[in-house]
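Structural overview
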Amino acid sequence: MSPAAAAAVFTPPSLAALARVCDLAPLPVLDDLTTARARGVLADVEVLVTCWGCPRLDADVLAAAPRLKAVVHAAGSVRGHVTDACWERGIQVSSAAAANALPVAEYTLGMILLHGKHVLERARAYRQARRRDDWLSTSHEVGNYRRTVGILSASLVGRRVMELLRPFDYEVLLHDPYVSRAEAADLGAAWVDLPGLFARSDLVSVHTPLLPATRGLVSRDLLAAMRPGAVLINTSRGAVVDQDALTDVVRAGRIRAVLDVTDPEVLPADHPLWDCPNALITPHLAGSQGSEWQRLADTAVAEVARWAAGDGFAHPVRRERLAFLA
């Protein structure tokens, strides 16, 4: 992993916890697997604990690590570093994606509640007017009672969002082609087709991983079908949404948008979305940050302990599931 990732995620107490369940190679962490020091370490390792900034574990790296049996990733996606060579060698892989999904879902819930009350727009108007508004004349479009929330994809994040929504008075819709109507009901949602999700929802939250089949999935037609004043939240990947189409409908004032990810990321400085009062753009902050990094470290330590005890991973990544994972 990168030194910055190591410093952020693996604090001294976390390193001490890791050292209690394995023989930990001496610091500093490896961020280049081609150096003489790295090759010396790789010759003995059975488990690699990885995080952001890990180089690709290709055939050349694996040749230098004959004893390597497992990779424990203290972050989400393993696509950037776990290669076909790892799967072909039968290396077991674990990920902290489930842990990283929790703050993303919490961010999403917060944005759903805030935008249901039109908090950003009303706070801006309040700041400008410097007087109390006529609250009894508030539009019936404001509020969270009996609103319809559409969830695009029952991913780890999507499932957690649906769980968090249970105490509230929302109708929850779900579109996921790999989830049945009965499974959707068990998750607290009604299954709908993709056009229906966008046409019927007051707010659509996108949790689809970026895969070849999902690039541009949220199309111009789907965005045009959204109700006037509806909200699109995207915490997955910017390229899942047609960025040009989204820009057009937001600039026209038809919908509101909460974008923790964009395409590209970061948007150019002169991009029109920056100046749209009905767009909230945040700097990819929904995932684990600050105190939440401790959860990632705790997950990694627990996975190493399970593997060392012969219990197998609690959060394994399966090769056959890669087509559905971020």
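Residues numbered from 1 in each chain as written. Predicted model: local features only at pLDDT ≥ 70, side-chain atom pairs only at ≥ 80, totals over all residues. Heavy atoms only, no water.

If you walk across this open sheet you meet the three strands as E1-E2-E3, and the pairing is parallel. The sheet is open, and its two borders are formed by strand E1 (47-50) and strand E3 (92-95), each paired with just one other strand. Strand-to-strand twist across the sheet, computed as the mean angle between neighbouring axes with direction ignored, equals 15 degrees. Looking at chain direction, strand E2 (residues 70-73) and E3 are connected through four bridges and run parallel. Bridge assignment links Ala 70 to a residue of E3, and that residue is Gln 92. Across the sheet, helix H13 (residues 293-308) is in contact with E1, E2 and E3; its angle to E2 comes to roughly 160 degrees. (Pairing = 2+ DSSP bridges. Helix = DSSP H or I, 4+ residues; strand = E, 2+ residues; numbered from the N terminus. Axes fitted to C-alpha atoms, helices over the stretch in contact; angles between N-to-C directions. Contact = heavy atoms within 4.5 Å.)

Another aspect to go through is the UniProt feature "domain: D-isomer specific 2-hydroxyacid dehydrogenase catalytic" (unreviewed entry) in the protein. Feature annotation in UniProt assigns "domain: D-isomer specific 2-hydroxyacid dehydrogenase catalytic" (unreviewed entry) to the following positions: residues 32-317. Helix makes up 36% of residues 32-317 and strand 14%. Its end C-alpha atoms lie 24 Å apart. (UniProt positions renumbered as here; feature names shortened; annotations may be inferred.)

The peptide bond linking Asp 263 to Pro 264 adopts the cis configuration, its omega dihedral lying at 0 degrees. Backbone geometry places His 118, a non-glycine residue, at a positive phi of 55 degrees. Phi is positive for Ser 153, which is not a glycine, with a value near 95 degrees. Its place among the elements puts Ser 153 in the loop between strand E4 (147-152) and helix H8 (156-165).

On to the environment of Ala 17. Structurally, Ala 17 can be placed in helix H2 (residues 12-21). In this structure the C-alpha to C-alpha distance between Ala 17 and Ala 305, which are 288 residues apart in sequence, comes to 9.8 Å.

What H8 keeps buried is the set Val 157, Gly 158, Val 161, Met 162, Leu 164 and Leu 165. Along the axis of H8, the buried positions cluster into a sector of 160 degrees, meaning they face one direction only. In this structure, the buried residues of H8 make contact with helix H6 (97-116), E4 and strand E5 (170-175). (Buried < 20%, exposed > 50% of the residue type's maximum accessible area, 1.4 Å probe, protein only. Arc of directions from axis to C-beta.)

Moving on, we get to the pairing of E1. Moving residue by residue along a regular strand, the side chains alternate between the two faces of the sheet. Of the two faces of E1, only the one carrying Leu 48 and Thr 50 is buried; Val 47 and Val 49 on the other face are not. Pairing of E1 with E2, which is carried by four bridges, proceeds in the parallel orientation. Residue pairing in the sheet places Val 47 in a bridge with Ala 70 of E2.

For Asp 260, the location among the structural elements is in the loop between strand E9 (256-259) and strand E10 (279-281). It turns out Asp 260 is buried and unbridged, and the closest side chain with the opposite charge, Arg 237, is 7.7 Å from it. From its side chain, Asp 260 meets the backbone nitrogen of Leu 285 in a polar contact 2.8 Å long. Polar side-chain contacts of Asp 260 include one of 2.9 Å to the backbone nitrogen of Ala 286. With residues near it in sequence (within four places) discarded, Asp 260 still touches Tyr 107, Asn 234, Thr 235, Glu 265, Thr 282, Pro 283, His 284, Leu 285 and Ala 286. (Lys, Arg positive; Asp, Glu negative; His and termini not counted. Salt bridge = Lys/Arg side-chain N within 4 Å of Asp/Glu carboxyl O. Polar contact = N/O pair within 3.5 Å; in protein donor to acceptor, adjacent residues only side chain to side chain.)

For the rest of this paragraph, the subject is the environment of Val 104. For Val 104, the location among the structural elements is in helix H6. C-alpha separation for the pair Val 104 and Ala 59, spaced 45 residues apart in sequence, amounts to 34 Å. Residues contacting Val 104, with those up to four places away along its chain left out, are Val 157, Thr 235, Ala 286 and Gly 287.

The topology assignment puts Arg 166 in the loop between H8 and E5. Ignoring sequence-local partners within four residues, the contact set of Arg 166 consists of Asp 186, Leu 187 and Gly 188.

Below, the discussion takes up the packing of H6 against H8. With their axes 8 Å apart at the nearest point, H6 and H8 run at an angle of 50 degrees to one another. Comparing their axes, H8 and H6 come out oblique. Note that H6 runs across H8; the crossing there is right-handed. Residue-level inspection shows Ala 97, Ala 98, Ala 101, Leu 102, Val 104, Ala 105, Glu 106, Thr 108, Leu 109 and Ile 112 of H6 in contact with H8, the latter providing Leu 156, Val 157, Arg 160, Val 161, Leu 164 and Leu 165. Considering only residue class, the contact of H6 with H8 consists of 13 nonpolar, one polar and two charged. (Parallel < 35°, antiparallel > 145°, perpendicular 65-115°, else oblique. Left-handed = near helix turned anticlockwise from the far one by under 90°. Nonpolar A, V, L, I, M, F, W, Y, C, P; charged D, E, K, R; others polar.)

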